[in-house]
Amino acid sequence: MDFAKPSVSSSDDEQKASNSSESSRGRTYHRHTTHQIRTLEAFFEYCSKPDENQRRELSKEIGLEPQQIKFWFQNKRTQTKGREIREQNLLLKANKGSLDDENKAMREKVGKMVCLSCSLPLIQPQPDQLAVLQELQSENIQLKQELDKLTKFLANQINILLYD
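Everything in this summary refers to the structure shown in the same document. (Residues numbered from 1 in each chain as written. Predicted model: local features only at pLDDT ≥ 70, side-chain atom pairs only at ≥ 80, totals over all residues. Heavy atoms only, no water.)

Comments concerning the overall build of the protein
If you tally the helices and strands in the protein, you get five helices and two strands. Looking at the 164 residues of the protein, the share that counts as buried comes to 12%. Across the protein, contacts joining residues at least 24 apart in sequence account for 47% of those joining residues at least 6 apart. Carbon and sulfur atoms provide 53% of the accessible area of the protein, an area that totals close to 14000 Å². (Helix = DSSP H or I, 4+ residues; strand = E, 2+ residues; numbered from the N terminus. Buried < 20%, exposed > 50% of the residue type's maximum accessible area, 1.4 Å probe, protein only. Contact = heavy atoms within 4.5 Å. Areas by Shrake-Rupley, 256 points an atom, 1.4 Å probe, with all protein chains shown as cover.)

Below is the structure:
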């Protein structure tokens, strides 16, 4: 496979030093060479989920086992997804801040609004004021009905006086 093959020359001593080191538990850890990483990353840009044949071909090219290549790609996909999620979270946090500011400004504007017919402020009732507001609204309905009845009665009386 001829994907970006960087010409990196490293001595055998560098590869031995970077390929393995002993941990406190006695496990040997493998560090990939710069050439291996660049080749894997170049292939990752081309295909993030190589099939078995592609992994075998890569393993021959860079000197790793197909299983190592499989795990490298799994880890790389996980890293990429995590990075994308962190970037999205930063964008969402920035958007949330601007939406909060916009919401606050709108609430202030609504708080300053007044009724066009009576010039009283239009305020959002608090939950404890809701019962009182409902009582007032029902009382207003009754008063309007009484006003309508009186208006009709007076109109009748005026008509009787005028035409009698």
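Let us keep going from here.
Considering helix α2 (residues 34-46)
In a regular helix each residue adds 1.5 Å, so 13 residues correspond to 18 Å; α2 covers 18 Å between its end C-alpha atoms and thus fits that length. Of all the positions in α2, only Gln36, Thr39, Leu40, Phe43 and Phe44 are classed as buried. Down the axis of α2, the smallest arc covering the buried residues is 140 degrees, so these residues share one side. In this structure, the buried side of α2 is in contact with β2 (28-30), α3 (52-62) and α4 (66-111). (Expected span 1.5 Å × (residues − 1). Arc of directions from axis to C-beta.)

Some words on α3
The complete set of buried residues in α3 reads Gln54, Arg55, Leu58, Ser59, Glu61 and Ile62. Each buried residue of α3 sits inside an arc of 165 degrees when the element is viewed along its axis, so together they form one side. Buried residues in α3 make contact with α2 and α4. Near the N-terminus of α3, the side chain that reaches the backbone nitrogen of Asn53, with its oxygen 3.2 Å away, is that of Asp51. A positive phi of about 80 degrees marks Gly63, the residue just after α3. (Polar contact = N/O pair within 3.5 Å; in protein donor to acceptor, adjacent residues only side chain to side chain.)

A closer look at the packing of α2 against α3
Remark: α2 packs on α3, axes separated minimally by 10 Å, with the N-to-C direction vectors making an angle of 155 degrees. One element, α2, and the other, α3, form an angle in the roughly antiparallel class. Note on packing geometry: the crossing formed by α2 with α3 is right-handed. Judged by residue contacts, His35, Gln36, Thr39, Leu40, Phe43 and Tyr46 of α2 engage Gln54, Leu58, Glu61 and Ile62 from α3. (Axes fitted to C-alpha atoms, helices over the stretch in contact; angles between N-to-C directions. Parallel < 35°, antiparallel > 145°, perpendicular 65-115°, else oblique. Left-handed = near helix turned anticlockwise from the far one by under 90°.)

Section: the packing of α3 against α4
To characterise two packed helices, one gives the angle between the axes of the helices and the distance between these axes. Running from N to C, α3 and α4 point in directions that differ by 110 degrees, and their axes come no closer than 8 Å. Judged by the angle between their axes, α3 and α4 are roughly perpendicular. On α4, the residues touching Arg55, Arg56, Leu58, Ser59 and Ile62 of α3 are Pro66, Ile69, Lys70 and Phe73. Residues of the contact of α3 with α4, tallied by class, amount to five nonpolar, one polar and three charged. (Nonpolar A, V, L, I, M, F, W, Y, C, P; charged D, E, K, R; others polar.)

A few points about the pattern of salt bridges
Per the stated rule, a full pass over the model turns up three salt bridges. One salt bridge connects Lys76 with Glu41, and the closest N-O pair in it is separated by 3.4 Å. Here the residue Lys76 occupies a position in helix α4, and Glu41 occupies one in helix α2, the gap between them amounting to 35 residues. In this structure, the salt-bridge partner of Asp100 is Lys96, at a minimum N-O distance of 2.8 Å. With Asp100 and Lys96 both in helix α4 and four residues apart, this pair spans about one turn of that helix. (Salt bridge = Lys/Arg side-chain N within 4 Å of Asp/Glu carboxyl O.)

Section: the side chain of Lys76
Lys76 sits in the buried class, given a relative accessible area of 14%. A distance of 3.4 Å separates polar atoms of two side chains, one belonging to Lys76 and the other to Glu41. The residues touching Lys76, leaving out its near neighbours within four places in the chain, are Glu41 and Phe44.

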